[in-house]
Protein chains: 2
Amino acid sequence: MSDKKKVCIIGSGNWGSTIAKIVGVNVNKYDCFENTVNMYVYEEIVDGQKLTEIINTQHENVKYLKGHRFTDSIVAVPDVVDTVKDADILIFVIPHQFVANTCKPLIGKLKENAIGLSLIKGFDESVPGKINLISEKISSLLSIDCAVLMGANIAKEVAEDHFCETTIGCRNEEFGTVLKKLLETPNFRVTVVPDAKTVEICGALKNVVAVAAGICDGLSYGENTKAAVVRIGLKEMIRFCNTFYPTPRIETFFESCGVADLLTTCYGGRNRKISELFAKEKNKTFEELEKEHLGGQKLQGPATAIDVLTLLESQGKEALFPLFVAVARIAKKEIEVTQLLEYLRQDPEC
Amino acid sequence: MSDKKKVCIIGSGNWGSTIAKIVGVNVNKYDCFENTVNMYVYEEIVDGQKLTEIINTQHENVKYLKGHRFTDSIVAVPDVVDTVKDADILIFVIPHQFVANTCKPLIGKLKENAIGLSLIKGFDESVPGKINLISEKISSLLSIDCAVLMGANIAKEVAEDHFCETTIGCRNEEFGTVLKKLLETPNFRVTVVPDAKTVEICGALKNVVAVAAGICDGLSYGENTKAAVVRIGLKEMIRFCNTFYPTPRIETFFESCGVADLLTTCYGGRNRKISELFAKEKNKTFEELEKEHLGGQKLQGPATAIDVLTLLESQGKEALFPLFVAVARIAKKEIEVTQLLEYLRQDPEC
């Protein structure tokens, strides 16, 4: 019996394909991995040909990551159950609303001791008034441990091999070491931390802060105000973890998943951008702006804020999170964007 | 005997005048302050009239903060010894190279139990191979306690009353409460923390990080890389405090003096901007760019980096601070800007 780890990737969008590009190299670099990596590809026809066939002959995902080659190790598979066969490590990188339906066929089909790694940002929406993490959902559906990877990682720039960093949250130190080997490159620097939940919560809540940052931009509030808003948002992220997932390691917020991802999201990023437009064009809803500017793709910030507000209201904790509450009420059109600062002046630490 | 505190302000540049605008309102708002606040003004002639006379008749610093009125409480005084007479609280807000000469005439002239508050960013350069804080210099020259105020505070935006935050570092809780009263407004939010040295070190080191951030911009490295560089810089700021001024409160780095000021400096700010040009126009020195773009005003980032490098070399600690070392060597033209990332790959925590 080989003790090499077999890896598979569930998802093949822009970010999934970017990760496949890295993983396809690293499995050949280290003896501890099987060379073949199955990648689940939702089958579609591109220029008259199946996308899986294109990937398996041209070694390129021409639809979602054009211009970048995979190594021959990456094998596109159109069936998700076939994809995970004999896999020791399952990398999940699909939109969060597809997690349940993608996982269900896999129940009972996984190798014993398989582990998951979720690259999926956002909270699970299926439990109103309770925040359920995607990694917890994967864990409980499939009865596997599930680590997470989050960071300041715009897919295009990672694919182009710009220097950047990412954070893996993994309770099991041994798995963490293996996952770091699988994903690190000289320009994609991986740090492993034990508090996976903090890492994952940062990945969801930063989008709420980005909405507030975008509103500052839309109302031309200037650099001081924006920096204050981002800082107050970061403090609320920490307070949220302390309140609902005690006790996070404070150092984790200084990792790429914390301050760095928050920075890129609040100074670039679509949540910021659409929120800027929302503040400028006062008569439009987020849904309308999404349709106009994102081709129907959904923003995570407003929806996450509303989920968070539901949770806070159910526990009477709104006063601790004025920024999150303001963003949710702005998204629901209950208050004006100009009321954001009134809420922030109620910051409990000021 | 009145137990009202008499306040004076030493300095009347753009930032000093902005603070005078706030202090002039707050001394009238609270009973615990004397209404009159002396402000030391280095005398100069503006349109044929003495600047102190203009300020004392028009209640406006027409040279350094045009368009903003002081309350009548602010009295411009051309002599620094006269300025501090009977003062309980001395606010220092002058360029750091003038601290020694401004303080020397005050030796032995201060009221017993007077306290200082330094708004001066940067390290004292007078001790090569040793970092001396400005507040320590004021303390030791004048034998007074000296608190500090630092934050994401672009003067123009504070003067225009945009919402923002600042941090006062003050070991003495009672002084801290008085200083917060003196300086806080609904749009200038003050948090007081006990570790004054951490607050002050953040105010100096952020400029070094901004040089690295500007180089990223100049070399078009993208958002991921810039976020990684700012994050690594923040970690080095923390490591610097841990190494040379143990033990900082980690929470202080989440205050306005920490992440927020770092943000405004790395995404706006002149250290970032000139460093971007430095990376683009490879044949110029920082001194040349300062002359061309800042009217001879000095950048703090490159000079601070070189001071820090001297300290690190004297203690053999360069390996712990690859970003600071790289910025210093780039400023000294010992290495190319493109070598920055080589240095960062040596980050001891990666």
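Every chain is numbered on its own, with residues counted from 1 as its sequence reads. Whichever chain is written first is A, and whichever ligand is written first is 1; the rest continue in order. Where local features are concerned, this predicted model is filtered to residues with pLDDT of at least 70; where side-chain atom pairs are given and counted, the filter is 80 or more; whole-chain, interface and lining totals use all residues. Side-chain numbers come from the whole structure's heavy atoms, not from hydrogens or water.

### Structural notes on the domain arrangement of chain A
All names here are of chain A.
Stage number 1. Domain boundaries in chain A define domain 1 (5-194) and domain 2 (198-345).
Stage number 2. The start and end points of each domain follow an automatic or database-based domain assignment. Look at where the C-alpha atoms of domain 1 and domain 2 centre, and you get two points 27 Å apart.
Stage number 3. Residue contacts follow a heavy-atom distance rule, with two residues in contact if any of their heavy atoms lie within 4.5 Å. Of the residues lining the interface, 23 residues belong to domain 1; the matching set on domain 2 comes to 24 residues.
Stage number 4. Both faces considered, domain 1 and domain 2 share a buried interface measuring about 2000 Å² in area, 65% of it formed by carbon and sulfur atoms.
Stage number 5. In what follows, salt bridge is the name for a side-chain nitrogen of Lys or Arg lying within 4 Å of a carboxyl oxygen of Asp or Glu. At the junction of domain 1 with domain 2, the criterion picks out one salt bridge.
Stage number 6. The salt bridge involving Asp261 is made with Lys121; its shortest N-O contact spans 2.9 Å.
Stage number 7. In the analysis that follows, any N or O atom pair within 3.5 Å is treated as a polar contact, provided that within protein one partner can donate a hydrogen and the other can accept it, and provided that, for residues neighboring in sequence, both atoms belong to side chains. Counting across the interface, domain 1 meets domain 2 through 10 residue pairs in polar contact (both at pLDDT 80 or more).
Stage number 8. Each helix corresponds to a stretch of at least 4 residues labelled H or I by DSSP, and each strand to a stretch of at least 2 residues labelled E; elements are numbered beginning at the N terminus. Of all the secondary structure elements, the ones that give two or more residues to the side of domain 1 that touches domain 2 are helix H5 (134-142), strand E10 (145-150), strand E11 (164-169) and strand E12 (188-193).
Stage number 9. When its residues are assigned to classes, the side of domain 1 that touches domain 2 shows nine nonpolar, nine polar and five charged. Buried area: the accessible area, evaluated with a 1.4 Å probe, that two parts lose upon being put together, summed over both parts. Three classes are used, and their members are as follows: Ala, Val, Leu, Ile, Met, Phe, Trp, Tyr, Cys and Pro are nonpolar, Asp, Glu, Lys and Arg are charged, and the others, Gly among them, are polar.

### A few points about the nonpolar core
Stage number 1. In this text, buried Ala, Val, Leu, Ile, Met, Phe, Trp, Tyr and Cys residues form a nonpolar core when linked through side-chain atoms within 4.5 Å. Each residue's exposure class comes from its accessible area (1.4 Å probe, protein chains only) as a fraction of the maximum for that residue type: buried when under 20%, exposed when over 50%, partly exposed otherwise. Core analysis: the largest hydrophobic core is formed by 131 residues, its most contacted members being A:Phe240, A:Phe324, B:Phe240 and B:Phe324.
Stage number 2. Discounting chain neighbours no more than four positions away, the residues touching B:Phe324 are B:Leu205, B:Val208, B:Val209, B:Gly233, B:Glu236, B:Met237, B:Phe240, B:Ala305 and B:Val308.

### A closer look at the interface of chain B and chain A
Stage number 1. Taken together, the contacts link 43 residues of chain B with 43 residues of chain A.
Stage number 2. Taking both partners together, chain B and chain A bury about 3900 Å²; carbon and sulfur atoms supply 61% of that area.
Stage number 3. At the surface where chain B touches chain A, the tally comes to six salt bridges.
Stage number 4. Residues A:Arg231 and B:Glu165 are paired through a salt bridge, measuring 2.6 Å at the closest nitrogen-oxygen approach.
Stage number 5. Of all the elements in the fold, those that place two or more residues in the side of chain B that touches chain A are helix H6 (155-159), strand E11 (164-169), strand E12 (188-193), helix H9 (223-244), helix H10 (256-267) and helix H15 (340-344) of chain B.
Stage number 6. Here the side of chain B that touches chain A is built from residues that sort into 23 nonpolar, 10 polar and 10 charged.

### Examining the UniProt feature "domain: Glycerol-3-phosphate dehydrogenase NAD-dependent N-terminal" (unreviewed entry) in chain A
Stage number 1. UniProt positions are given in the numbering used here, feature names are shortened, and annotations may be inferred rather than shown by experiment. Per the UniProt record, the feature "domain: Glycerol-3-phosphate dehydrogenase NAD-dependent N-terminal" (unreviewed entry) sits at residues 6-175 of chain A.
Stage number 2. Counted over residues 6-175 of chain A, helix gives 29% and strand 24%. Its end C-alpha atoms are 13 Å apart.

### Observations concerning the state of the cysteines
All names here are of chain A.
Stage number 1. Throughout, disulfides are identified as pairs of cysteine sulfur atoms within 2.5 Å of each other. For the structure shown, the criterion picks out zero disulfides over all chains.
Stage number 2. Of the cysteine sulfurs around Cys266, a residue in no disulfide, the closest is that of Cys216, at 9.2 Å.
Stage number 3. Here Cys266 falls in the buried class, since its relative accessible area comes to 0%.

### Overview of the UniProt feature "binding site: substrate" (unreviewed entry) in chain A
Residues and elements named next belong to chain A.
Stage number 1. When the UniProt feature table is mapped to this numbering, "binding site: substrate" (unreviewed entry) covers Lys121, Arg270 and Asn271. A stretch of 151 residues holds the annotated residues, and the largest C-alpha distance among them is 14.2 Å, short enough that they meet in one place.
Stage number 2. Residue placement: Arg270 occurs in helix H11 (residues 270-280).
Stage number 3. Using a relative accessible area of 38% as the deciding quantity, one classes Arg270 as partly exposed.
Stage number 4. Those residues in contact with Arg270, other than ones at most four positions away along the chain, are Leu294, Gln297 and Leu299.
Stage number 5. Looking at the secondary structure, you find Asn271 in helix H11.
Stage number 6. Once you skip the residues sitting within four places of it in the chain, Asn271 turns out to touch Asn207, Ala210, Val211, Leu299, Gln300, Gly301 and Pro302.

### Thoughts on the sheet that holds E12(A)
Residue and element names in this part refer to chain A.
Stage number 1. Strand order in this open sheet of eight strands is E5-E2-E1-E6-E7-E10-E11-E12, and the pairing throughout is mixed. Strands at the two margins of the open sheet, each flanked by one partner only, are strand E5 (74-77) and E12. Taking each pair of neighbouring strands and ignoring which way they run, the sheet shows an average axis angle of 25 degrees.
Stage number 2. Bridge count between strand E7 (residues 115-118) and E10: four bridges; the pairing is parallel. Its bridge partner lying in E10, Ser118 is registered against Val148. In this scheme, strands are said to pair when DSSP sees at least two bridges between them. All axes are obtained by fitting lines to C-alpha atoms, using only the stretch in contact for helices, and the reported angles, taken between N-to-C directions, cover 0 to 180 degrees.

### Side note on the relation of the copies chain B and chain A
Stage number 1. Here the copies are superposed with least squares, the fitted atoms being C-alpha atoms of residues at a pLDDT of at least 70 in both. Screw-axis analysis of chain B against chain A gives a translation of 0.0 Å along the axis, an RMSD of 0.0 Å, and a rotation angle of 180 degrees. Put plainly, the chains are arranged around a two-fold axis.
Stage number 2. A shared binding surface is used by both copies, with 100% of the interface residues of chain B retained as interface residues in chain A.

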